[in-house]
Each structure stands twice: as C-alpha cells, then as structure tokens.
Amino acid sequence: MSVSEEKFTRQTLLEVQTLTPSLFTLRTTRDAGFRFRAGQFVRLGVEKADGSVVWRAYSLVSAPHDEHLEFFSIVVPGGEFTSELSRLRVGDTLLVEKMATGYLTLDRFVDGWDLWLLGSGTGIAPFLSMLQDFEVWERFERIVLVYSARSLDELAYQPMIHGFAELEHLAEYTHKLTYLPVVTREQAPGCLNARITDLLDSGELERAAGLELTPEHSRLMICGNPQMIDDIRQRLKARNLNLSLTRRPGQVAVENYW
Ligand SMILES: Cc1cc2nc3c(=O)[nH]c(=O)nc-3n(C[C@H](O)[C@H](O)[C@H](O)COP(=O)(O)OP(=O)(O)OC[C@H]3O[C@@H](n4cnc5c(N)ncnc54)[C@H](O)[C@@H]3O)c2cc1C
C-alpha cells in the first residue's frame, strides 16, 4: 500500500521498551493536529533500506488526551513490517497516517450496563487507551478486562492496569473494574489458566468476574487473534449476544488483527 505525502506526518521515536524477544512498546511524538477516539487504530509506516515504505495498522495504546503516541507490537519472525519496526531506535522516524480509523469504540453501543473487554496478546492495546479515557468509567456500571497471553512474561502493561485503582481522578469509579489476567501455556498465580473459550464454556469466566453475561446488560469488545474472536463469537451468539451493527444495535464489537 502506498500513502501520499500529505496523508501522513513524520514522528520521532521517544522510547522503545523490549518486553520479551517478541514483544515491545514504542512511544513517539504526536502531531498537534492528530485526533482519535479511544479504541481506534492508525496506519504506521517504516522506510526500508531501498526507500520503499511498508504500512500496517496499529491500535493506539495512549489516551486521546496524551501528548505522545504509544503502540504495543509483536515481532513476527520474517514479518515485513515488524522486522523493520523492531530495528528502530530512539530518535528514528516513524510515519503516522493523519487519519485514525476503526469502530472498536464506545460509539458501537447505544446502551448496556456491563462492559467486557476481551483482548489476546497485543489485542489488549485499544482497551488500555479506553481505560485511560474518562468516558468508559462513566458509562458502565461494571468493566471486566480479560487479558490473555501465552505466558506470564507476555502480560504487558501490568503497572498501568493495576495502577488504575490508584488514580485520583478515577477514585470514585475504580471499584467498577475487575481485571482477569489469563495465561494459557503455564500455571501462573493470580491468573486464570485456560483459553477464554474454555473459560466461557465452563462458566469460570463469569464466576471469576462475579457477573453473568446477558443480552440485556452485557456489552463485549473482542480484539486480537481472528480465530479466537470467531470462537468466542460463536459461543456468544448461542447465548443471544450478537454483533452490533449500525442498522441493528447489538452486544458485541470486534477487531481482527489479521
Ligand atoms: C485494525 C488493526 C490493528 C492492529 N493493531 C496492532 C497492534 O496494536 N499491535 C500489533 O502488534 N499488531 C497490530 N496489528 C497487526 C499489524 O497490522 C501487523 O499485522 C503486524 O505488525 C505484523 O506485520 P508484519 O508485516 O511483520 O507481518 P504480517 O505479514 O502483517 O503478518 C504475518 C502474520 O503474523 C501474525 N500476526 C500479525 N499481527 C500479529 C499480532 N499483533 N499478534 C500475533 N500475531 C500476529 C499473523 O499470523 C499474520 O498472518 C493490527 C492489525 C489491524 C488490522
């Protein structure tokens, strides 16, 4: 995909943090005119040695009000984009499309009491942006954040997630949040230890949240691995929880990463 010069800005990398050999976070400067809704994504571009540019979609981790932009990335072995991205260092340039897009935002739901945010791997990113924004805390009575990774060291942003409870401006709201970390390939203390689909089948997810999934009250967002999203959607459909469309508001919104 090529993007014409007037459609992107050049931003500078301020920080790169390696979490595991296959996961890292990056922080960049932000163009003063760049706007987005919490939950949206933007296309990022990296220049290759031959002068061509590779573009890929990335969810914003940072909040709409932050001065910087933050992203959370996988390194795909041999991946055209992430091989280049993971080579960048502080001071290097990242191209950022001017227009953020995407429908994994609170606008997808017209009502609902309980918001379930189900993210696998880097698919946690849009939910971190939402939780740093005020709107979600005001709109819902309960928020259940389910974050699934293969191993404990792949659960990123733990200080941020656990830190919501201490944020002064959220003091009267943080009791609404239940955080359920899920680790699928090892036993980890304080985490659920099965795939989200199995946790749904066994009822363990609802038990751990202390909350029932119902079409009246529950609204769900699912992000990340497309197979996981399909598998979860099937189970939700069987319980009358359906995709939310413009012409037919429902309970579920999804974002497939590939
Ligand atoms: C709307 C949207 C938002 C996205 N947001 C993010 C994000 O915030 N962070 C992020 O790391 N990626 C995100 N992605 C995926 C991203 O666009 C690229 O696919 C990823 O950077 C890999 O690029 P690549 O060229 O190296 O490999 P590609 O050739 O693009 O992908 C190769 C294969 O790698 C696997 N893969 C791709 N992305 C991931 C991933 N995130 N986790 C696990 N396996 C993956 C898939 O099997 C895919 O077929 C998003 C994708 C979409 C459509």
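Please refer to the structure placed before this passage.
From a predicted model like this one, the values you see are computed outputs, not experimental measurements.

Cut-off values and rules
Residues numbered from 1 in each chain as written. Predicted model: local features only at pLDDT ≥ 70, side-chain atom pairs only at ≥ 80, totals over all residues. Heavy atoms only, no water. Pairing = 2+ DSSP bridges. Helix = DSSP H or I, 4+ residues; strand = E, 2+ residues; numbered from the N terminus. Axes fitted to C-alpha atoms, helices over the stretch in contact; angles between N-to-C directions. Contact = heavy atoms within 4.5 Å. Expected span 1.5 Å × (residues − 1). Buried < 20%, exposed > 50% of the residue type's maximum accessible area, 1.4 Å probe, protein only. Arc of directions from axis to C-beta. Polar contact = N/O pair within 3.5 Å; in protein donor to acceptor, adjacent residues only side chain to side chain.

**Description of the sheet that holds strand β7 (residues 114-120)**
In space, the five strands of this open sheet follow the order β9-β8-β7-β10-β11, with parallel pairing throughout. The open sheet is flanked by β9 (177-183) and β11 (252-256), the only strands paired with a single partner. Taken pair by pair, the neighbouring strands of this sheet meet at an average axis angle of 10 degrees, ignoring direction. One ladder, built from five bridges, connects strand β10 (residues 218-224) with β11; its direction is parallel. Within β11, the residue paired with methionine 221 across the bridge is alanine 253. Of the strands in this sheet, β7, β10 and β11 touch helix α7 (residues 226-237), which is tilted by about 160 degrees from β10.

**Focus on α7**
If you check α7, its first and last C-alpha atoms are 16 Å apart, about what twelve residues at 1.5 Å a residue would give, namely 16 Å. Turning to α7, its buried residues number three or more, namely Pro226, Met228, Ile229, Ile232 and Leu236. Axial view of α7: buried residues confined to an arc of 150 degrees, hence all on one face. Exposed and oriented more than 90 degrees from the buried face of α7 are Gln234 and Lys237. Here the buried face of α7 lies against β7, α5 (196-202), β10 and β11. The opening residue of α7 is asparagine 225, an N-cap whose side-chain oxygen sits 2.8 Å from the backbone nitrogen of glutamine 227.

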